[in-house]
Protein chains: 2
Amino acid sequence: MPELNKALLEKASKENIELVSARYEKQQPQCLWGLNGTCCKNCFQGPCRIIPGKAEKGICGAGADLIVARNFLRSVAAGTTGHTDHAKEIALALLEIAEGRTHDYGIADAAKLKNLAGKLGIKTSKPAKKIAKEVALEALGDFRRQQGLFLKPEGKYLNWLRIHATKERIEKWKKLNILPVNADAETSHALNQTTMGCDADPADIMIDALRVALADGYSGLAMASDLQDVVFGSPRITKSTCNLGVLDEGKVNIIVHGHVPLLGIKVVEFARKLEAQAKKAGARGINVVGMCCSGHEALERQGIPVAGHMLQQELAIVTGAADAIAVDMQCIFPALQDVAQCYHTKLITTMDFVKIPGAKHIPFTVHSANKSAKKIVMEAIEAYKKRDPAKVFIPKEKNELYAGFGVESLINALAKVNAANPLKPLVDALKSGDIYGIAAIAGCRNLKVKGNFHEELTKILLKNNVLVIGTGCWAHAAAQAGLMNEGSVKYAGAKLRNVLKAIGNSNGLSTLPACLHFGSCVDNSRISALLEMVSEKTKIPIYKLPIAGSAPEYATEKALAIGTFFLALGITLHVNPIPEVTGSKLISKILTQDLEKITGARVLLAETPEKAAGAMLQAIRQKRQELDWR
Amino acid sequence: MPELNKALLEKASKENIELVSARYEKQQPQCLWGLNGTCCKNCFQGPCRIIPGKAEKGICGAGADLIVARNFLRSVAAGTTGHTDHAKEIALALLEIAEGRTHDYGIADAAKLKNLAGKLGIKTSKPAKKIAKEVALEALGDFRRQQGLFLKPEGKYLNWLRIHATKERIEKWKKLNILPVNADAETSHALNQTTMGCDADPADIMIDALRVALADGYSGLAMASDLQDVVFGSPRITKSTCNLGVLDEGKVNIIVHGHVPLLGIKVVEFARKLEAQAKKAGARGINVVGMCCSGHEALERQGIPVAGHMLQQELAIVTGAADAIAVDMQCIFPALQDVAQCYHTKLITTMDFVKIPGAKHIPFTVHSANKSAKKIVMEAIEAYKKRDPAKVFIPKEKNELYAGFGVESLINALAKVNAANPLKPLVDALKSGDIYGIAAIAGCRNLKVKGNFHEELTKILLKNNVLVIGTGCWAHAAAQAGLMNEGSVKYAGAKLRNVLKAIGNSNGLSTLPACLHFGSCVDNSRISALLEMVSEKTKIPIYKLPIAGSAPEYATEKALAIGTFFLALGITLHVNPIPEVTGSKLISKILTQDLEKITGARVLLAETPEKAAGAMLQAIRQKRQELDWR
């Protein structure tokens, strides 16, 4: 089990509070059909499950390969909607801002807006709001483009794919007939395709999962990051603190949790504005900290501390010092309210489609943002008054971290080394082997995993001079393990350490941290954007570059969508736990072998950090050997 | 088990061919968690299952209520995409026709087109193709309307809902905040809503299932039926034959199977054109028959015979006389190819996203329809040459049926009774009790059901003077049981019989059949349209009218979507098998009790035809008692 927080686990145990780890234990043993992917619930003649030797086929005749493939596609589609809904939300917010229907938000990064507009073919010689409107409409176009079963309009596909993907990939995806046309239509269609009596070709379904994943990568991840940068500002390299010790006993503690920065950014703003109210209530002030990806979003833009990853969300309440938790969507354990009700903590839901029975619901939209944020902060102050000091225990664990990396901030940092050609130092280091390869690590924490997979894997890669960049719960784990502060370079191999120090020195730091915090889960688009940039610069397709990915503790459907997107991009990807495909030899083979002939990438399986690092290093080594840098 | 065909089952058994019933037996016992709805596979920390007393919560903290609700919504969403994809396909076909990009199809019912245009607010004083273009764009608008998590554009919702739903319902749905805005966005969003850590409010999720079901009912079912009527012609009351005996030993037999009439209609056309080729091959001609809903679509418009329902699809091959089966999408057992390869039968898939390994794939789009249909018929003729006479056994079962009922054809028939006020005879009969109530029966056949539920339930209702109208596999079952020919009125109670005879006589028939074939599954929209018309006419909301529905053998996710749509409409609905919600007392109570206070309808559970009829009659009786006809 990954490390959560020993002292708080003990406190919870003493206080008789059931946490995720206990629920996990009670769920053991988990259903083998669920785990190997051969359970089908796609019709009510079923459920069916494949029992080799006894029941090789479901009632309709679907075998293991088909059932596994259908389940895979449905999971990718579900995960994709998490990101495409998110991106759509921000695109609509931008439209509301541009058309003056809300003044609670503005345009924070006009340069990024112009840059996007330019790529989209929009003239930029007009006021920012007019540009913003056109950009928003192009974004929303990715949810409105006409598409149908027999109609794949020639040459028409997602705008956000067009402006980001490399030419090489677009050609490849065109040949595979997987260029997505309309993000919502792709995910909806995946449901039809996988319903009883539709597609019966497992290989076909897996290829179509790539199409859905491209919708995830571009009109989900990339669109969300891009437009959030426009509205809230692009990330800047910033120093902050992490882990549950960031809660402050003397202050009103508000935790923002979820994924969409519309909420968190406003809570931070109003917390500052309402300090006096908090002081009136006897506190030293207000301390807003982040949880999960909402945390990263506010961290990379406003530098707020991050309290923890998805498996620590309940523990934040167990401190007895969390006065309010304001949530938007995704990765919010329904159990939060069960835990919150044992304390004074106010759990506040904000989105109409994400409610938790027992929690306080304060509707939060772009139109009511200021008003709602004020209400949320006031709720926290009220709750603070009811805090029971006897129940408070804030653990000492707290660490420094650098965050805010991404294409823009990294290029800025590299420009201090080579102003004329900022990517050159990075590419040169890759060529020379000073950076042996790049590892992109993403995704959740998962109780199925033994020990601290994220941390151990990262350390081995660093030692082998692999530049590690990553997002999401990995970033929480790495930061908590001290892998993102200045001292962390001790974990890097000598060659990598020199590179990090050189770039750091040019930027007034003793060094860059050993691994780079690339942001939230949607910010996996910052990873793909960087790799796309390196690919365009070197004219070498991503799949030939010394790159490997890992999702060593993935847990959500969203993570599966991101992983599949990485595979479509050409990033060979380690995943753990073993995906729910082992019931099908065909699908297992497609993912771990055949896919390499299709997209240039394949899945690596390994259940220990050592083996995972070994497989990733081997993949990188092979790429280096076969590589002609030109 | 419902009756399939004893002789063919024996033949299959002798020939060592595994059929659906054997696969069903091998799947016993089915997973109890799947059956009661408390299995959750929505993240990879799981799968989880609720074990009362041991594991009351999933790992994230989701309890039985939440897991059941999420599974319910996902199934409704998946089912909905089956119909919305279908409708979109036809809307796009209409656009291609209107803009002259295909000449393989035309506009068969210009009057219906004008009628739709009028409802949509489109001027009708222009050439049909110009009207068609605008109608098609309004239809496609239901998949393109801007929508978002915080943006429910005031007063903007599905065009197809606007032109069909009663004012009373629209007001009701507005109050419930469930007017759907964009069909694809609703189904995609349902996936996000049900992913780990999003909505944790089971009751909320059930209400949102109603919204998705409204997208199903209007921009799925109704749009598909409407636009198919425009392109292929509206159904006319027609006499034909049914059951597996419709196959003709002396002819080339082609079975059209699936759901979208684009294919079937063309196969019928080219079968007629290529008769000479078939004769050259030694056959007496070509016999095109339908299977499942593709059958109904061609039957109600072209009068072709229908061979059977979803559980008989394999048996059609076992006759040894099926030369080709051309399929489009949905309810096509993957097992078909396993059976086909034991005979000379050519299984032909036609849609890019529905392939079956081993089957011949002939891509069929509106642009290639004539060419592809010709190829398909020629494939059948070639296959006929390889037919093994020793393997041929066509059962004697064959029955006459009347089909082609729907709003237009029924109003036409009623107009012969009262030209000035065609609905009056129907409403008067309802008022007087000559028609005690209307029962709408829909949906699949299901091996879980004991005996012939469809047939037995129908007979009891008829005997009690309930007018039975229905669709889909029910229609196959009822027709095969002799409930749709002129002789069938013997099953009707005396009062109902007189009504049926009177209407029949006015139309040159001895009688209408005892129950009315309202078409395919998407033609459930014809049922809702009729009830909406009666409701508008009488100014009595549907939920107060003496109406009850039943899906006595539902099996597909599509059926669940249709059933939920009926519940949103206000039609109290018997369902069987018992839905996968029994693991949650809350959700069971919502469906069987609370929903009545919300939409006016509720779910009736009954596992025998007698009990089901009893519950439906009781519901009708209560409505009659409470009804003020004005």
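Residues numbered from 1 in each chain as written. Chains lettered and ligands numbered in written order. Predicted model: local features only at pLDDT ≥ 70, side-chain atom pairs only at ≥ 80, totals over all residues. Heavy atoms only, no water.

1. Some words on the interface of chain B and chain A
Opposite the 101 residues of chain B that make contact, chain A presents 101 residues. Both faces combined, the contact of chain B with chain A buries some 8700 Å², and carbon together with sulfur accounts for 55% of it. Of all residues in chain B, the largest losses of buried area upon contact with chain A belong to Phe44(B), Phe150(B) and Phe353(B), amounting jointly to 11% of the total for that side. At the junction of chain B and chain A, the tally comes to 6 salt bridges. A salt bridge links Lys355(B) to Asp204(A), with the shortest nitrogen-to-oxygen separation between them at 3.9 Å. The interface formed by chain B and chain A includes 68 residue pairs in polar contact (both at pLDDT 80 or more). At the level of secondary structure, the elements contributing two or more residues to the side of chain B that touches chain A comprise α2 (20–26), α3 (32–36), β2 (48–49), α4 (64–98), α6 (128–141), α9 (183–193), α10 (202–232) and α23 (557–569) of chain B. A total of 15 residues in the side of chain B that touches chain A trace back to one element, the largest contributor, which is α4(B). Grouping the amino acids of the side of chain B that touches chain A by side-chain chemistry returns 50 nonpolar, 28 polar and 23 charged. (Contact = heavy atoms within 4.5 Å. Buried area = accessible area lost by both parts, 1.4 Å probe. Salt bridge = Lys/Arg side-chain N within 4 Å of Asp/Glu carboxyl O. Polar contact = N/O pair within 3.5 Å; in protein donor to acceptor, adjacent residues only side chain to side chain. Helix = DSSP H or I, 4+ residues; strand = E, 2+ residues; numbered from the N terminus. Nonpolar A, V, L, I, M, F, W, Y, C, P; charged D, E, K, R; others polar.)

2. Side note on the relation of the copies chain B and chain A
When chain B is fitted to chain A, the residual RMSD is 0.0 Å, and the transformation amounts to a turn of 180° plus an axial shift of 0.0 Å. A rotation of that kind, with that shift, is consistent with a two-fold axis. Minimal C-alpha distance to the rotation axis in chain B is attained by Arg144(B), lying at 2.2 Å. With an isologous cut-off of 70% or more, the 100% of interface residues of chain B that recur at the interface of chain A puts this contact in the isologous class. (Least-squares fit on C-alpha atoms with pLDDT ≥ 70 in both.)

3. Here's the deal with a positive patch on the surface
Taken together, Lys167(A), Lys431(A), Lys537(A) and Lys539(A) make up a surface patch of like positive charges. Relative to the elements of secondary structure, Lys167(A) occurs in helix α8 (residues 167–175). (Patch = residues over 30% accessible without salt bridge, like charges linked within 9 Å, V, L, I, M, F, W, Y side chains within 5 Å. Areas by Shrake-Rupley, 256 points an atom, 1.4 Å probe, with all protein chains shown as cover. Lys, Arg positive; Asp, Glu negative; His and termini not counted. Charge placed at Lys NZ, Arg CZ, Asp CG, Glu CD.)

4. Here we look at the side chain of Lys11(B)
Relative to the helices and strands, Lys11(B) resides in helix α1 (residues 6–14). Those residues in contact with Lys11(B) that sit more than four places away from it in its chain are Val318(B), Thr319(B), Gly320(B), Tyr343(B), Lys391(B) and Phe393(B).

5. Observations concerning the sheet that holds strand β16 (residues 603–605) of chain B
All names here are of chain B. The strand order across the open sheet formed by 6 strands is β13-β12-β11-β14-β15-β16, and the pairing between neighbours is parallel. Edge positions in the sheet fall to β13 (515–517) and β16, since each of these pairs with one other strand and no more. Between one strand axis and the next, the sheet turns through 25° on average, direction left out of account. Sheet topology places strand β11 (residues 437–441) next to strand β12 (residues 466–470); 5 bridges connect them, and they run parallel. If you follow Ala 439 over to β12, its bridge partner there is Val 468. (Pairing = 2+ DSSP bridges. Axes fitted to C-alpha atoms, helices over the stretch in contact; angles between N-to-C directions.)

6. What about the domain arrangement of chain A?
Residues and elements named next belong to chain A. Considered domain by domain, chain A is made up of domain 1 (6–11 + 244–391), domain 2 (59–232) and domain 3 (403–627). Between domain 1 and domain 2, the C-alpha centre-to-centre distance is 31 Å. Between domain 1 and domain 2, the contact holds 18 residues from the first and 15 residues from the second. For the domain 1 and domain 2 pair, buried surface summed over both sides reaches about 1400 Å², with 59% attributable to carbon and sulfur atoms. When residues of domain 1 are sorted by the area they lose upon contact with domain 2, Leu 262, Arg 301 and Val 366 head the list and together hold 38% of the total. On inspection of domain 1 and its partner domain 2, the count reaches 1 salt bridge. In this structure, the salt-bridge partner of Arg 301 is Asp 229, at a minimum N-O distance of 2.7 Å. Of all the secondary structure elements, the ones that give two or more residues to the side of domain 1 that touches domain 2 are α11 (261–273), α13 (292–302) and α16 (369–385). At 5 residues, the largest contribution of residues to the side of domain 1 that touches domain 2 is made by α11. (Domains from an automatic or database assignment.)

7. Regarding the packing of helix α4 (residues 64–98) of chain A against helix α6 (residues 128–141) of chain A
In helix packing, the relevant descriptors are the interaxial angle and the interaxial distance, both defined with respect to the helix axes. Residue and element names in this part refer to chain A. The geometry of α4 relative to α6 is characterised by a closest axis approach of 8 Å and an angle of 150° between their N-to-C directions. Here α6 runs roughly antiparallel to α4, going by the angle between their axes. In the crossing of α4 with α6, the sense of the turn from one axis to the other is left-handed. Every residue of α6 that contacts α4 at Lys 88, Ala 91, Leu 92, Leu 94, Leu 95, Ile 97 and Ala 98 is listed here: Lys 129, Ala 132, Lys 133, Val 135, Ala 136, Leu 137, Ala 139 and Leu 140. Tallied by class, residues from the contact of α4 with α6 come to 12 nonpolar, no polar and 3 charged. (Parallel < 35°, antiparallel > 145°, perpendicular 65-115°, else oblique. Left-handed = near helix turned anticlockwise from the far one by under 90°.)

8. Considering the packing of aromatic side chains
What the rule picks out here adds up to 10 aromatic pairs over all chains. Centre to centre, the rings of Phe44(A) and Tyr554(B) are 5.5 Å apart; their planes meet at 55°, and the pair counts as tilted. With Phe44(A) in the loop between β1 (39–40) and β2 (48–49) and Tyr554(B) in the loop between β14 (547–551) and α23, this residue pair bridges two chains. You'll find Phe44(A) and Tyr554(B) in the same group, each marked buried. With centroids separated by 6.0 Å and ring planes inclined at 80°, the aromatic side chains of Tyr105(B) and Phe232(B) adopt a geometry described as edge-to-face. Of this pair, Tyr105(B) sits in the loop between α4 and α5 (110–120) while Phe232(B) sits in helix α10, and the two are 127 residues apart along the sequence. The pair Tyr105(B) / Phe232(B) is uniform in exposure class, with both members buried. Grouped by ring-pair contacts, the aromatic residues Trp173(A), Tyr218(A), Phe565(A) and Phe566(A) constitute a single cluster. When the ring centre of Trp33(B) is taken as origin, the NZ or CZ atom of Arg49(B), which lies over that ring, is 4.7 Å away. The ring of Phe270(B) carries Lys273(B) above its face, with NZ or CZ at 4.5 Å from the centroid. (Phe/Tyr/Trp six-rings, centres within 6.5 Å; stacked < 30°, edge-to-face > 60°. Buried < 20%, exposed > 50% of the residue type's maximum accessible area, 1.4 Å probe, protein only. Lys NZ or Arg CZ within 6 Å of the ring centre and 35° of its normal.)

9. So, the pairing of strand β8 (residues 346–349) of chain B
Residues and elements named next belong to chain B. Note: strand β7 (residues 324–327) against β8, 4 bridges, orientation parallel. For Ala 326, the partnering residue across the bridge sits in β8 and is Ile 348. Here β8 runs beside strand β9 (residues 360–361); their pairing, made up of 2 bridges, is parallel. Residue pairing across strands places Thr 349 opposite His 361, the latter belonging to β9.

10. A word on helix α22 (residues 524–538) of chain A
Residues and elements named next belong to chain A. Relative to the 21 Å expected for 15 residues at 1.5 Å per residue, α22 spans 21 Å between its end C-alpha atoms, a close match to the ideal helical length. Counting buried positions along α22 yields 12 of 15 residues, so the element is predominantly enclosed. Of the residues one or two after α22, Lys 539 is the one with positive phi, at around 55°. (Expected span 1.5 Å × (residues − 1).)

11. Here's the deal with the sheet that holds strand β14 (residues 547–551) of chain A
Residue and element names in this part refer to chain A. Sheet architecture is open: 6 strands sit in the order β13-β12-β11-β14-β15-β16, paired in parallel fashion. Pairing within the sheet leaves two strands with one partner each, and these edge strands are β13 (515–517) and β16 (603–605). Pairs of neighbouring strands in the sheet enclose a mean axial angle of 25°, with direction left out of account. Against the sheet, helix α20 (residues 472–480) touches β11 (437–441), β12 (466–470) and β13, its axis set at about 130° to β13.

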